[in-house]
Amino acid sequence: MCEEQTVSLVDVLEEDEELEEEASAVLAGSDSDHCSYPQGYVKRQALYACNTCTPKGSEAAGICLACSYKCHEGHDLFELYTKRNFRCDCGNRKFSELQCKLHPDKDEVNSLNKYSQNFFGVYCTCGRPYPDPEDQVEDEMIQCVVCEDWLHGRHLGCVVPDCVELQEMICESCMKTHSFLWTYAAHLAVPGGAVEVKKETAEEPTVPTKEDEVDDAIEPSCKRSREEVEPRCRLKELQAIGQKRVQSGAVFWPSAWRSKLCSCSICQVRLLEAGLSFLLDESDTVLAYENKGKNSEQRRQEHDPLMSALDNLNRVQQLEIIHGYNDMKTELKDFLQRFAAEGKVVTSDDIRQFFEQQSRKRRRVDAGAFYCT
C-alpha cells in the first residue's frame, strides 16, 4: 500500500496566498453583488457558463460573476476567466427554465456577444476540458488575446518564453487570419525558439489579402493633402524594411507592444473591419484588468470594518488591542512553525488547543489586573 502523500504547512500557506492573489486579481475587477447586464457590453469582466442550464447541444450563453453566485448556486459552472465586450445572458431566451434574480428584464438575446467552444467547457486546438482527468502531462494554459481561447503550451507551435504572465499571445490561427500582424511580429514580437528573422534579399511576389485591399478602397482623391495632415503609416514603413519572420506557431508580444501599432486612418479602418480595434487600447489587456482588480481589493482592505472600529477608540485602547493582536499573531506563527519544521499536519484539535490556551492566558491576565487595582 502506498504511503499517503502529504504537503507541509508552508506549502499550503504559500499556495493559499498565491490563489488568493489570483482570485482577487480576476474577481475584484467585477461586481459580485449586481448583475452586469445594465452596463451593456462590458469592456472586460469575469464570466461563467452554466452546464446545468445550457449544456452541450443548446445555445451557448455566458453569465456574470454576480449571477453565478445568486442565480446559479449549486449548478455545474465552467469558469471562463475574463472575456471582452460581453453582456450577461442570465435568464434570457437561452435559459428556458430560469429567470435572473438580479435583473430579470433582459432582451431575448445579446446579438453582439461572441461565443466559442469555451462556453461548453472545452479549450485549445485539442478540444479538451480543463482540468482534463485523462491528461497526465503538467502544462499551463495560455489565452490568445484575439480569439480568447485557451491553449496548452505544448500546442502553440512555439517555445513558451519566460515571464509569460507579463506578455500577450496571439495563436497561430488568428495570426494567419489577420496576416498583416506578421509584419508587426517580425519587428515587435518576443523572439522564440521556433522562429527566425531574415532580411528579404529579393522582391518576392505577394498575393494581396482582403485586409490589404483596404488601403486602395479608402484612398481619397486628395492624397497629397491627406499626407500633409496625417502621420505616416507605421505598418507601411515596416513592410518597406523587408524584414520577414517565419509564419508559423503562436506569437508572444512584450509589454506595451500595442502602443507601437500604427493608428493612422487606413490602419484604423483595417483593424475595425477585422474586429481588432481593441488592439489599439492598452487598457483592454488582461493585465490592466487584473491591476484594476488588485487596486480595488487594496482599497477595500483599507476600509476594513475592524480598522474603522479602532478609529472610535481612544489611543490607549487602540494600543492595547494592537499589542494584543500582534502578540497573538506572533504566538500563532511560532505555534504553526513547529509543525512546519517537523513536517506535521495541523489538525482542528491542535488549533482548538491553541485558542483554549490563549483564552486561559487571557483570563489569568485579567484576573491579575483585577487584584492589582
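Residues numbered from 1 in each chain as written. Predicted model: local features only at pLDDT ≥ 70, side-chain atom pairs only at ≥ 80, totals over all residues. Heavy atoms only, no water.

- You'll find the protein entered in an unreviewed UniProt entry as Putative E3 ubiquitin-protein ligase UBR7, with Oreochromis niloticus given as the organism.
- On record in UniProt, under Pathway (unreviewed entry), the comment for the protein is "Protein modification; protein ubiquitination." (UniProt positions renumbered as here; feature names shortened; annotations may be inferred.)

Some points on the overall build of the protein
Here is step 1 of the chain: If you tally the helices and strands in the protein, you get 12 helices and 9 strands.
Here is step 2 of the chain: Burial statistics for the protein: of 373 residues in total, 35% are counted as buried.
Here is step 3 of the chain: Residue pairs at least 24 apart in sequence account for 73% of intrachain contacts in the protein once pairs closer than 6 positions are excluded.
Here is step 4 of the chain: Total accessible area computed for the protein in this model is approximately 23600 Å², and 51% of it derives from carbon and sulfur atoms. (Helix = DSSP H or I, 4+ residues; strand = E, 2+ residues; numbered from the N terminus. Buried < 20%, exposed > 50% of the residue type's maximum accessible area, 1.4 Å probe, protein only. Contact = heavy atoms within 4.5 Å. Areas by Shrake-Rupley, 256 points an atom, 1.4 Å probe, with all protein chains shown as cover.)

Here we look at the environment of Leu77
Here is step 1 of the chain: With respect to the helices and strands, Leu77 occurs in strand 3 (residues 77-86).
Here is step 2 of the chain: Along the chain, Leu77 and Gly121 lie 44 residues apart, while their C-alpha atoms are 8.7 Å from each other.
Here is step 3 of the chain: Setting aside chain neighbours within four positions, we find Leu77 in contact with Ala49, Cys50, Ile63, Ser68 and His72.

Quick notes on helix 4 (residues 181-188)
Here is step 1 of the chain: Helix 4 sits mainly inside the fold: 7 of its 8 residues count as buried.
Here is step 2 of the chain: Among the residues of helix 4, those classed as buried are Leu181, Trp182, Thr183, Tyr184, Ala185, Ala186 and Leu188.

Comments concerning the packing of helix 4 against helix 7 (residues 234-241)
Here is step 1 of the chain: Interhelical geometry of helix 4 versus helix 7 gives an angle of 70 degrees and a closest axis separation of 10 Å. Here helix 4 is positioned roughly perpendicular relative to helix 7, judged by the angle of their axes. Between helix 4 and helix 7, the contacting residues are Thr183, Tyr184 and His187 on the first element and Leu235, Leu238, Gln239 and Ile241 on the second.
Here is step 2 of the chain: Tallied by class, residues from the contact of helix 4 with helix 7 come to 4 nonpolar, 3 polar and no charged. (Axes fitted to C-alpha atoms, helices over the stretch in contact; angles between N-to-C directions. Parallel < 35°, antiparallel > 145°, perpendicular 65-115°, else oblique. Nonpolar A, V, L, I, M, F, W, Y, C, P; charged D, E, K, R; others polar.)

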